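A look at the structure
The chain contents come next:
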Amino acid sequence: MRIVIVGAGVAGCIMARTLSRLSGAEVICLERVAQGDHAESGTGLNIGPNARMALQAHDPELTDAITAAGLPWRTWRISLTDGSVLFDLPLSQVAFNDGWRIRWSELYRVLREAAAPAVLYDCAITSIVRDGNTTSIAWRQGGIERRIEKVDFLIATDGRYSEVRRALAGEAVSRMVGVAISRVLVPNSSNSLIDDYEQWFNGPNRLLAFRVPPDHVYVATAFPIPADQPIPESLKQPEALRAAFTPRSGALSAQGGWLVDTICANVADMHWARMQEHDVLYTDPDASVLYLGDAAHGMVPTLGQGATQAIEDAAVAADLIAREWTAGRRDPRAWLEEIDALRRERMLFTVEFSREATDTMLEGADPVAGTLHKNQPDFMAKLRRLYQEVPGLPAMATKS
Ligand SMILES: Cc1cc2nc3c(=O)[nH]c(=O)nc-3n(C[C@H](O)[C@H](O)[C@H](O)COP(=O)(O)OP(=O)(O)OC[C@H]3O[C@@H](n4cnc5c(N)ncnc54)[C@H](O)[C@@H]3O)c2cc1C
């Protein structure tokens with residue numbers, strides 16, 4: 001069976017690693033960037049305990065490699081920038097295991113090493129065409145045109161702006177939620193002020209930070225903006241940033257002071273974006289095409305579930321396909337139905353919960369009331385569902 005995976009990012013590498021080990025499967029993974037290019041645009045990732053649990057069930061060796069390259073994510077604290085703590089949650093209360101904190105470039109490095117030699121780098125896709133039940137795909141690599149006709153199973157893991165999805169299912173339509181976000185990764189000069197995952201509010205304006213190896217701090221900001229408007233340039237100036245996070249009393253906490261000084265000193269390196277979501281699509285209705293990760297869904301980043309769900313998607317899908325393959329059931333359309341049944345509801349819940357948790361960042365929000373509400377049983381029950389209940393995992397998915 002010919003299997004082509006497009007995109008060696010988070011989900012693609014996990015799929016390529018598992019499927020290329022199936023006896024009799026011909027697997028290639030086409031990646032756009034050059035080998036060794038793990039560009040990250042200054043980003044640290046907090047990856048949820050649910051991803052780690054899912055990957056542990058599917059691929060313990062790969063899980064260990066990520067653990068070695070990151071730091072554990074164990075607590076989630078939310079304060080005001082004057083230092084008042086509103087929410088302080090050990091993740092052990094809602095999850096079976098830790099999450100991870102890691103640089104995006106390090107995650108890519110570990111995953112791509114683990115997926116080699118199935119990955120072909122520097123590939124520019126030139127056409128993707130549906131041909132009945134199968135697809136054909138063409139690409140250029142090193143000036144040479146290549147083509148595979150009759151791909152039995154095509155897996156799109158080419159991220160948020162998926163070319164496969166655009167070619168076969170049409171552009172995924174984005175919905176803006178009315179929040180501007182920015183991010184920067186800096187060497188850690190905080191003198192231990194910043195370590196595990198924390199957020200700080202002043203009104204609906206929010207800071208977020210955590211430490212990642214080797215010794216850097218990832219800092220992100222969020223501000224309400226009109227959903228249909230671009231991010232105002234005035235917001236990106238040091239004076240505006242300082243004013244946005246300085247409490248009425250004028251007294252920033254020690255953490256708040258370091259964070260505000262840090263973003264103001266690094267405005268030139270900050271990357272800005274608008275929070276958005278797009279519709280869920282796992283399978284093509286007619287052809288044997290599977291979408292995973294950001295190609296399949298887009299959610300707001302509030303709960304750190306983008307890469308987390310890409311890992312969950314891939315661990316569940318790869319595990320199911322490997323089991324079916326070993327049992328001699330080699331019908332991609334049947335796999336697609338099962339994967340859709342396992343992932344769709346789970347993803348709709350995650351998208352909705354991520355949006356709901358963004359309430360404190362919207363225009364006019366009361367972050368104190370909104371955050372205190374997150375201590376209540378209904379929010380905790382949803383967090384438990386998010387972190388503990390991954391449908392379709394082998395029996396391991398119990399307390400570790
Ligand atoms: C600033 C920022 C912060 C984030 N923070 C977090 C966080 O803290 N926690 C979290 O869980 N998530 C976070 N995310 C989201 C997370 O990074 C993504 O959800 C995740 O990377 C998606 O994984 P993926 O496998 O679907 O796609 P990606 O990891 O984006 O991989 C897609 C791959 O496909 C390749 N590709 C793209 N187009 C083509 C093409 N035409 N041909 C061949 N290859 C192609 C790309 O080069 C890439 O290698 C963040 C995202 C951003 C932008």
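First things first, this report covers the structure right here in the doc.

Calculation notes
- Residues numbered from 1 in each chain as written.
- Predicted model: local features only at pLDDT ≥ 70, side-chain atom pairs only at ≥ 80, totals over all residues.
- Heavy atoms only, no water.
- Pairing = 2+ DSSP bridges.
- Helix = DSSP H or I, 4+ residues; strand = E, 2+ residues; numbered from the N terminus.
- Axes fitted to C-alpha atoms, helices over the stretch in contact; angles between N-to-C directions.
- Parallel < 35°, antiparallel > 145°, perpendicular 65-115°, else oblique.
- Contact = heavy atoms within 4.5 Å.
- Nonpolar A, V, L, I, M, F, W, Y, C, P; charged D, E, K, R; others polar.
- Expected span 1.5 Å × (residues − 1).
- Buried < 20%, exposed > 50% of the residue type's maximum accessible area, 1.4 Å probe, protein only.
- Core = buried A, V, L, I, M, F, W, Y, C linked by side-chain atoms within 4.5 Å.
- Near = heavy atom within 4 Å.
- Polar contact = N/O pair within 3.5 Å; in protein donor to acceptor, adjacent residues only side chain to side chain.
- Areas by Shrake-Rupley, 256 points an atom, 1.4 Å probe, with all protein chains shown as cover.
- Phe/Tyr/Trp six-rings, centres within 6.5 Å; stacked < 30°, edge-to-face > 60°.
- Lys NZ or Arg CZ within 6 Å of the ring centre and 35° of its normal.

**Quick word on the sheet that holds strand β9 (residues 123-131)**
- The three strands are arranged β9-β10-β11 in an open sheet whose pairing can be described as antiparallel. The open sheet terminates on both sides in strands that have one partner only, identified here as β9 and β11 (144-151). Across the sheet, the mean angle from the axis of one strand to that of its neighbour is 15 degrees, orientation sign disregarded.
- Pairing of β9 with strand β10 (residues 134-141), which is carried by eight bridges, proceeds in the antiparallel orientation. Directly across from Arg130, in β10, lies its bridge partner Thr135.

**Quick look at the packing of helix α2 (residues 49-58) against helix α11 (residues 377-388)**
- With their axes 7 Å apart at the nearest point, α2 and α11 run at an angle of 30 degrees to one another. Viewed along their axes, α2 and α11 adopt a mutual orientation that is roughly parallel. Taking contact as the criterion, the partners of Pro49, Asn50 and Met53 in α2 are, on α11, Leu386, Tyr387 and Gln388.
- Looking at the contact of α2 with α11, its residues break down into four nonpolar, two polar and no charged.

**Brief notes about helix α7 (residues 254-265)**
- With 12 residues, α7 extends 17 Å from end C-alpha to end C-alpha; this agrees with the ideal 16 Å at 1.5 Å per step.
- Most of α7 sits inside the fold, with nine of its 12 residues counted as buried.
- For α7, the full list of buried residues reads Gln255, Gly256, Gly257, Trp258, Leu259, Val260, Thr262, Ile263 and Cys264.
- Elements in contact with the buried residues of α7: β5 (75-80), β13 (174-187), β14 (198-202), β15 (205-212), β16 (216-224) and α6 (238-245).

**What to know about the nonpolar core**
- Met15, Ile47, Ile137, Leu154, Ile155, Val164 and Ile321 are the most contacted members of the largest nonpolar core, which has 80 residues in total.
- The element best represented in this core is helix α8 (residues 306-326), accounting for 12 residues.
- In this structure, Leu154 is in contact with Val4, Val6, Ile128, Thr135, Ile137, Val164, Leu168, Ser288, Val289 and Leu290, ignoring residues within four places of it in sequence.
- Core analysis: the next-biggest nonpolar cluster, separate from the first, contains 33 residues, Ile78, Ala95, Val179 and Val212 among them.

**Focus on the site of the ligand**
- Taken together, 31 residues are adjacent to the ligand, and Glu31, Asn46, Tyr108, Glu163 and Asp294 come closest.
- Between the ligand and the protein, one listed contact pairs an oxygen atom with a side-chain N or O atom of Asn46 at 2.7 Å.
- One of the side-chain nitrogen or oxygen atoms of Glu163 is found 2.7 Å away from a nitrogen atom of the ligand.
- Summarising the interface, the protein chains cover 87% of the accessible area of the ligand, which totals 990 Å² for the free molecule.
- For the shell around the ligand, the secondary structure elements donating two or more residues are α1 (10-19), β3 (44-47), α4 (104-115) and α8.
- Looking at the shell around the ligand, the element that brings in the most residues is α8, giving four residues.

**Some thoughts on the packing of aromatic side chains**
- Scanning the entire structure with this criterion turns up 13 aromatic pairs.
- In this structure an aromatic cluster arises from ring pairing among Trp73, Trp76, Phe87, Tyr197, Phe210, Tyr218, Phe349, Phe353 and Phe379.
- Here the guanidinium or amino end of Arg330 rests over the ring plane of Trp325, the centre of that ring lying 4.0 Å away.
- Its end group placed over the ring of Phe349, Arg385 keeps NZ or CZ at 3.8 Å from the ring centre.

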